[in-house]
Amino acid sequence: MTAARPAPDAADVAAALALVDEATIVADASSLILAASENPGGTELVAVRVLESIASRLGGRSRRTLVAPGRPNVSIRFGPDADVRTPGILVLGHSDVVPAGTGWSADPFNPRVEQGWLTGRGAADMKGGLAAALQAMAAVHRVRPDLPLELLVTVDEEDLATGIVAHLEQPPAPYRACIVAEPTDLAVVVACRGAANLRVDVRGRAAHAGRPEDGANAITAAARIAAWVADDHERMRRHAGGLLGSATWSVGRIEGGHGTSIVPDACTLLIDRRLMPGETGAAALAQLEAGIARATDGTGCLAAASLLMEMPGFETATTHPLVVCAVDALVAEGASAPVEAWTAACEGGFIAQHHGCPTVILGPGDITGQAHQPDERVRIADLATAARAYARLLLALAEP
């Protein structure tokens, strides 16, 4: 049973909530949407400049860390820097968005406010959440300037996660909690699988298609690897349990061959592997390599697998004070506050692992119904609810 925690001062809560302004959140989120930061294919610098401008207006101080040309992580802090005597509270986000793509009813980077919704690429994932978090942190700072609060916004989250990997080069810092402001539809996500991107290169031997036995068909061997992946996926699903179920495999791309009359001598597969908390990309790679050896036996082909990207998962106990306080904060704002696991992956696992702090994901917008889609949008009322809940949560976590 979780011990009762001291409640934050009611006057502090009321004062902070009075400073949360829905119209300002919408304006800030709209400015961030205008700062197109498509990834791959663009730069996050323009969005970082907007974040710095918002932070300056709200009384925060910003510090960039260059990850690649035109691609800086940015840390925005309110209050003193964290130390072991006064651990900080970290909010995590990212400045990049997926490419707009086709199918939009209007310019994806021209934000629109219509019938209670804010529409534009990044509205849900996750520029709305960034605007709400900044508003909440600034409001809490006004009433509790002694609290160390930090918003870390990374680059390249939507592709290779080079921003968070660069952050890991810094020494671990004393954080009492991390709140990832990704879109959860205002659910409290306490568990999240990690992800590994893997590549398999199959090498065969070319021959005339009229005598295929003279060659070694790389596509056929790749198909056998793909079949092994599907079978192993089903094996893991049969043993699923707990909040997160099981790890998963998915072949996302297969490419090879030169034409119909040539036995293909090369084929490449790109594979997604979702990791359970504590499972590593290296372990998934070793599992795949064992499967490849069985699948390609007797084909005359050679195959080599490599790990392109790894993102760890995490799980926080539902009884942890961070979870309890998050639920209480949302309920106080009239939200249902379900406690869930996430099928997606996020950078929270890196933070939980590197800094050793409890982590939840909580933000406005729907990751499956709105993010990464044409006419991406977020409910404006949810932006305000998220900001108010963040303010309540930050003040609750500040209590000993």
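Scroll up to find the structure this text is about.
All values reported here derive from a predicted model rather than from experimental measurement.

**Considering the sheet that holds strand β9 (residues 194-203)**
Note on sheets: strands pair through backbone hydrogen bonds, and any given pair is parallel or antiparallel. Sheet architecture is open: four strands sit in the order β11-β13-β9-β14, paired in antiparallel fashion. Since the sheet does not close on itself, it has two edges, and those belong to β11 (248-256) and β14 (302-311), each with one partner. Recorded for the sheet is a direction-independent mean angle of 20 degrees between the axes of neighbouring strands. As paired strands, β9 and β14 are joined by nine bridges and run antiparallel to one another.

**Observations regarding empty space enclosed by the protein**
Inspection of every chain in the model, using the stated rule, returns two cavities of 30 Å³ or more. Lining the largest cavity are Arg63, Thr65, Asn73, Val74, Ser75, Glu150, Leu152, His167 and Gln170. Where the lining of the largest cavity is concerned, the elements lending two or more residues are β1 (61-68), β2 (71-78) and β6 (149-154). Element by element, the count of residues in the lining of the largest cavity is highest for β2, at three residues. For the lining of the largest cavity, a count of residues per class yields two nonpolar, five polar and two charged. Reported here for the second largest cavity is a volume of approximately 40 Å³. Around the second largest cavity sit Leu92, Gly93, His94, Met126, Glu157, Val180, Glu182, Cys346 and Glu347, which together line it. Top contributing element to the lining of the second largest cavity by residue count: strand β3 (residues 88-94), with three residues.

**Things to note about the side chain of aspartate 156**
Considering the arrangement of structural elements, one finds aspartate 156 in the loop between β6 and α5 (162-167). Given a relative accessible area of 2%, aspartate 156 falls into the buried group. For aspartate 156, the side chain forms a polar contact with the side chain of threonine 162, separated by 2.7 Å. Not counting residues up to four positions away in its chain, the partners in contact with aspartate 156 are Asn39, Glu44, Arg71, Asp96, Ala161, Thr162 and Gly163.

**Points about the pairing of β3**
Among the seven residues in β3, seven count as buried, and that is most of the element. The two faces of β3 match: Gly88, Leu90, Leu92 and His94 on one face and Ile89, Val91 and Gly93 on the other face are all buried. In the sheet, β3 pairs with strand β7 (residues 175-180) via five bridges, with the strands oriented parallel. Pairing of leucine 90 across the sheet is with cysteine 178, part of β7. Judged from the six bridges that link them, β3 and β6 form a sheet pairing that is parallel. Across the sheet, residue valine 91 finds its bridge partner in β6, namely leucine 151.

**Section: the layout of surface pockets**
One simple way to see leftover space: roll a probe sized like a water molecule over the atoms. Taken as a whole, the largest pocket holds about 560 Å³ of empty space. What lines the largest pocket is a set of 22 residues, and nearest its centre among them are Glu157, Glu158, Arg274, Ala345 and His372. Within the residue set of the lining of the largest pocket, elements represented by two or more residues are β9, β13 (266-275) and β14.

**Looking at the packing of helix α2 (residues 22-34) against helix α10 (residues 380-397)**
How two helices sit against one another is set out by the angle between their axes and by the gap between those axes. Contact geometry for α2 and α10: axes closest at 9 Å, N-to-C directions at 110 degrees. With respect to α10, the axis of α2 lies roughly perpendicular. In this structure, α2 contributes Glu22, Ile25 and Val26 to the contact, and α10 contributes Ile380, Ala381, Leu383, Ala384 and Ala387. Grouping the constituent residues of the contact of α2 with α10 by class yields seven nonpolar, no polar and one charged.

Definitions and limits used
- Residues numbered from 1 in each chain as written.
- Predicted model: local features only at pLDDT ≥ 70, side-chain atom pairs only at ≥ 80, totals over all residues.
- Heavy atoms only, no water.
- Pairing = 2+ DSSP bridges.
- Helix = DSSP H or I, 4+ residues; strand = E, 2+ residues; numbered from the N terminus.
- Axes fitted to C-alpha atoms, helices over the stretch in contact; angles between N-to-C directions.
- 1 Å grid on protein atoms, 1.4 Å probe; cavity = no way out; pocket = protein on both sides within 12 Å on 5 of 7 lines; lining within 4 Å.
- Points joined across faces, edges and corners; volume = space filled by probe spheres on them.
- Nonpolar A, V, L, I, M, F, W, Y, C, P; charged D, E, K, R; others polar.
- Buried < 20%, exposed > 50% of the residue type's maximum accessible area, 1.4 Å probe, protein only.
- Polar contact = N/O pair within 3.5 Å; in protein donor to acceptor, adjacent residues only side chain to side chain.
- Contact = heavy atoms within 4.5 Å.
- Parallel < 35°, antiparallel > 145°, perpendicular 65-115°, else oblique.

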